[in-house]
Amino acid sequence: MNGDMKKKLVIAGAISPFIFIIFFIVIIFVPVGLVLGIIDFDGGSSSNSYAYEGYSSTNDNTGYYWPIGSSEITTVNGKEFATGSPSATTITAWFAGNDDVHSGAHGAIDIAAVVGQENVIATKSGTVLYPDVNDNVSIGTCTNFPYGANCKSYGNYVMIDHGDGIISLYGHLYADSITVKKGDYVMQGQVIAKSGSSGNSTGGHLHFEIRINGNKSDPLEYVSVDKPRPSNMKDNLITEELQ
Ligand SMILES: [Zn+2]
């Protein structure tokens, strides 16, 4: 065996454990990891409209609140919060659309709600994008249609920017019931309007959208009828606000 050959063998001997480790990771660890859910290739992938860093599992009801509040109101520092059980939880139209009312995609959920009665609340804290203080939100005369929304379809509506590219939209609100305007900071659970049937609507309901980076995403990936909000919301709210 000449010197060159020896060198090659020594190098091969030094490398082989690493090759074995790489082999072990690729063949054994990845499949087992996928099966056990330790590794999730879908997480954060843009190909899956639901996978997003800001995604809040509906098992965690602190991330996003059900957008219909309660008739019970708690006023803290001049802001009204719906702190009881939601007064309306019946979903009448789903995200996919192609139902009795929507001939194509819907891009939202509809929640049956009595005209002028249900308290609509901010699903999460954020800054109001619409309406502007200068907008006339009466149907037929509103002139400002930002973010691909218009008042002919949505009627009186509110859009809230929650940061990280997440926007919520509340449509068909009752005339002159909107209590917030562009630039206002609203807190999660704060009452922003009453439910209505304005715009392109066949009856009293709330049209609720979640938009992620401009794409409509299924709100039921964010809010839940079963877990509308924490049961101790009132205690948390008062503690937070009084700090
Ligand atoms: Zn709708």
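Above this text is the structure in question.
Describing the nonpolar core
Taken as a class, soluble globular proteins show a tendency for nonpolar side chains to be buried jointly. Residues Val158, Ile160, Tyr170, Leu173, Ile192 and Leu206 are the most contacted members of the largest nonpolar core, which totals 27 residues. At the level of elements, β4 (109–112), β7 (156–161), β8 (166–173), β10 (191–194) and β11 (205–212) are the ones that each hand at least two residues to this core. At four residues, the largest contribution of residues to this core is made by β11. Not counting residues up to four positions away in its chain, the partners in contact with Leu206 are Pro67, Ile68, Ile109, Asp110, Ile111, Ala113, Val120, Tyr170, Gly171 and Leu173. Ala149, Cys151, Tyr157 and Met159 belong to the second-largest nonpolar core, a separate cluster that totals nine residues.

Description of the coordination of the zinc ion
Within the protein, His106 (NE2), Asp110 (OD) and His207 (ND1) serve as the donor atoms for the zinc ion, at 2.0 to 2.1 Å. Each donor residue of the zinc ion belongs to the same chain, and together they define the spacing H-x3-D-x96-H. In this pair, His106 sits in the loop between β3 (91–93) and β4 while His207 sits in strand β11, placing the two residues 101 residues apart along the sequence. Both residues of the pair, His106 and His207, count as buried.

A word on the pairing of strand β1 (residues 73–76)
Two faces make up the sheet, and in a regular strand the side chains alternate between them. Burial along β1 is one-sided: Thr74 and Val76 are buried, and none of Ile73 and Thr75, which face the opposite way, are. Judged from the four bridges that link them, β1 and strand β2 (residues 79–82) form a sheet pairing that is antiparallel. Considered in β2, the bridge of Thr75 is made with Glu80. Hairpin geometry of β1 and β2 is characterised by an intervening segment of two residues between the two adjacent antiparallel strands and by a positive phi of about 50 degrees at Asn77.

With respect to the side chain of Thr123
For Thr123, the location among the structural elements is in the loop between β5 (119–121) and β6 (126–130). Take Thr123: its relative accessible area is 0%, and that puts it in the buried class. Those residues in contact with Thr123 that lie beyond four places of it in its chain are Gly63, Tyr64, Tyr65, His162, Ser168, Tyr170, Gln188, Phe208, Ile210 and Val223.

Things to note about the pattern of salt bridges
The full count for this structure, using the stated rule, is four salt bridges. The shortest N-O distance in the salt bridge between Lys234 and Glu72 comes to 3.7 Å. Residue Lys234 is found in helix α3 (residues 233–242), and its partner Glu72 is found in the loop between α1 (3–36) and β1; the two are separated by 162 residues along the sequence. According to the relative accessible area criterion, Lys234 is partly exposed, its value standing at 34%. Across the pair Asp184 and Lys181 runs a salt bridge, and its minimum N-O distance is 3.4 Å. Lys181 sits in the partly exposed class, given a relative accessible area of 38%.

Notes on the pairing of β11
With eight of eight residues buried, β11 is to be regarded as a mostly interior element. Residue alternation in β11 divides its side chains into two sets, His205, His207, Glu209 and Arg211 and Leu206, Phe208, Ile210 and Ile212, and both sets are buried. Bridge count between β4 and β11: four bridges; the pairing is antiparallel. Within β11, the position partnered with Ile109 by the bridge is Phe208. Two elements, β8 and β11, share six bridges in a ladder whose sense is antiparallel. Note that in β11 the partner of Leu169 across the bridge is Glu209. One ladder, built from three bridges, connects β11 with strand β12 (residues 215–217); its direction is antiparallel. Counted as the bridge partner of Ile210 is Ser217 from β12. The antiparallel hairpin formed by β11 and β12 contains two residues in its connecting segment, where Asn213 sits at a positive phi of about 50 degrees.

Cut-offs applied
- Residues numbered from 1 in each chain as written.
- Predicted model: local features only at pLDDT ≥ 70, side-chain atom pairs only at ≥ 80, totals over all residues.
- Heavy atoms only, no water.
- Core = buried A, V, L, I, M, F, W, Y, C linked by side-chain atoms within 4.5 Å.
- Buried < 20%, exposed > 50% of the residue type's maximum accessible area, 1.4 Å probe, protein only.
- Helix = DSSP H or I, 4+ residues; strand = E, 2+ residues; numbered from the N terminus.
- Contact = heavy atoms within 4.5 Å.
- Donors = N, O, S within 2.8 Å, 3.2 Å for Na, K, Ca; no water.
- Pairing = 2+ DSSP bridges.
- Salt bridge = Lys/Arg side-chain N within 4 Å of Asp/Glu carboxyl O.

Coordinates in, geometry out; function isn't part of it.
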